[in-house]
Amino acid sequence: SQEVQRQQLQTQQNMIQDNAQRAEKMGHLQQICCGRDHTLNLTRDGDVFSYGTGTFSAAGHGGSKEVLSPMILKPLRDKRVTKIACGESHSLILTDRSDVYAWGRGFEGQLGLSKSIEVASTPQYIKSFYGKPVQTIEAGAYFSLAITKEGFLFGWGEAKMGQLGLGKQREI
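Small disclaimer: the values here were computed from a predicted structure and weren't measured.

What follows is about the packing of aromatic side chains. Taken as a whole and assessed by the stated rule, the structure comprises four aromatic pairs. Judged by centre distance (5.7 Å) and plane angle (80°), the ring pair of F56 and F107 falls under edge-to-face. Pair noted here: F56 is in the loop between β3 (48–52) and β4 (67–72) and F107 is in the loop between β7 (100–105) and β8 (119–125), with a separation of 51 residues, a long-range link. Chaining the aromatic ring pairs together yields one cluster made of F129, F154 and W156. Note that R105 overlies the ring of F56, its terminal NZ or CZ placed 4.9 Å from the centroid.

As structure tokens, then:
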């Protein structure tokens, strides 16, 4: 009936308006990236907002908490983030101090934290880059890449299909 259609349209308009108001609270967006079940938003001010399912702690808010609307990543509040990257269920961020942080699924080594960490529920500093300032980052489904300011390319995680440029290997 027309009344049902009118109510559905009103509900859709309300949802769009709610989402627009939430986006306004984030500020001006500089970059977005999406994984399988999570999304990151980076603002011009260097704040990171994330949302999505709690699977593998991909949203980065701790535990397996599902976050259905953009929420600031509190562990990064004191950092100025310049770049974000999403894999299938993991994420990387790069700060203005050239530091890299990772969280989410790490079974294939894509977090770069340690072989014993299979899931990181909040952003963790990648210690391997201490003293090696990073210029940019990228993430594939189960692997991660970084280029240092000296121009060296680093890759870690799954390499079954040669995605790290080292031939076909299990993981690096």
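Having put the structure on the table, let's press on.
Within the fold, K83 resides in strand β5 (residues 81–86). Judged by relative accessible area, which is 16%, K83 ranks as buried. There is a polar contact of 3.3 Å between the side chain of K83 and the backbone oxygen of I137. At a separation of 3.0 Å, a polar atom in the side chain of K83 contacts the side chain of E138.

With the rule as written, the count across this model stands at five salt bridges. Two residues, E138 and K83, come together in a salt bridge whose shortest N-O distance is 3.0 Å. Of this pair, E138 sits in strand β9 (residues 134–139) while K83 sits in strand β5; the two residues are 55 residues apart in sequence, bridging distant segments of the chain. Of the charged contacts in the structure, one is a salt bridge between E108 and R105, with a shortest N-O distance of 2.6 Å. No difference in accessibility class separates E108 from R105, as the two residues are buried.

The next thing to look at is the sheet that holds β8. Paired through backbone hydrogen bonds, the strands of a sheet run either parallel or antiparallel to each other. Spatial strand order, β5-β6-β7-β8: four strands in an open sheet with antiparallel pairing. A single partner strand is all that each edge strand has here, and the edge strands are β5 and β8. The mean angle between the axes of side-by-side strands here comes to 10°, regardless of whether they run parallel or antiparallel. Relative to strand β6 (residues 90–95), β5 is paired through five bridges, and the arrangement is antiparallel. When the bridges of β6 are listed, A85 appears paired with L92.

Conventions used here
- Counting restarts for each chain: residues are numbered from 1 in the order of the written sequence.
- Local features in this predicted model are restricted to residues whose pLDDT is 70 or higher, and side-chain atom pairs enter the listing and the counts only when it is 80 or higher, whereas totals over whole chains, interfaces and linings include all residues.
- Computation of side-chain values: all heavy atoms of the structure, hydrogens and water removed.
- The pairing test for Phe, Tyr and Trp rings, Trp by its six-membered ring, is centres within 6.5 Å, and the orientation test on the planes gives stacked under 30 degrees, edge-to-face over 60, and tilted for anything in between.
- Numbered from the N terminus, helices here are DSSP runs of H or I no shorter than four residues, and strands are runs of E no shorter than two.
- Note on geometry: a ring has a charge over it if NZ (lysine) or CZ (arginine) is within 6 Å of the ring centre and within 35 degrees of the ring normal.
- Only protein chains enter the calculation, and the probe is 1.4 Å; a residue is then buried if its accessible area is under 20% of its type maximum, exposed if over 50%, and partly exposed in between.
- N or O atoms closer than or at 3.5 Å make up a polar contact, with two conditions inside protein: a donor-capable atom paired with an acceptor-capable one, and, for residues adjacent in sequence, both atoms drawn from side chains.
- Put simply, a salt bridge is a Lys or Arg side-chain nitrogen that is within 4 Å of an Asp or Glu carboxyl oxygen.
- DSSP calls a pair of strands paired once it identifies at least 2 bridges connecting them.
- Where helices are involved, their axes are fitted lines through C-alpha atoms of the stretch in contact, as for all axes, and angles between N-to-C directions lie from 0 to 180°.

Everything listed is a geometric property; what it means functionally is a separate question.
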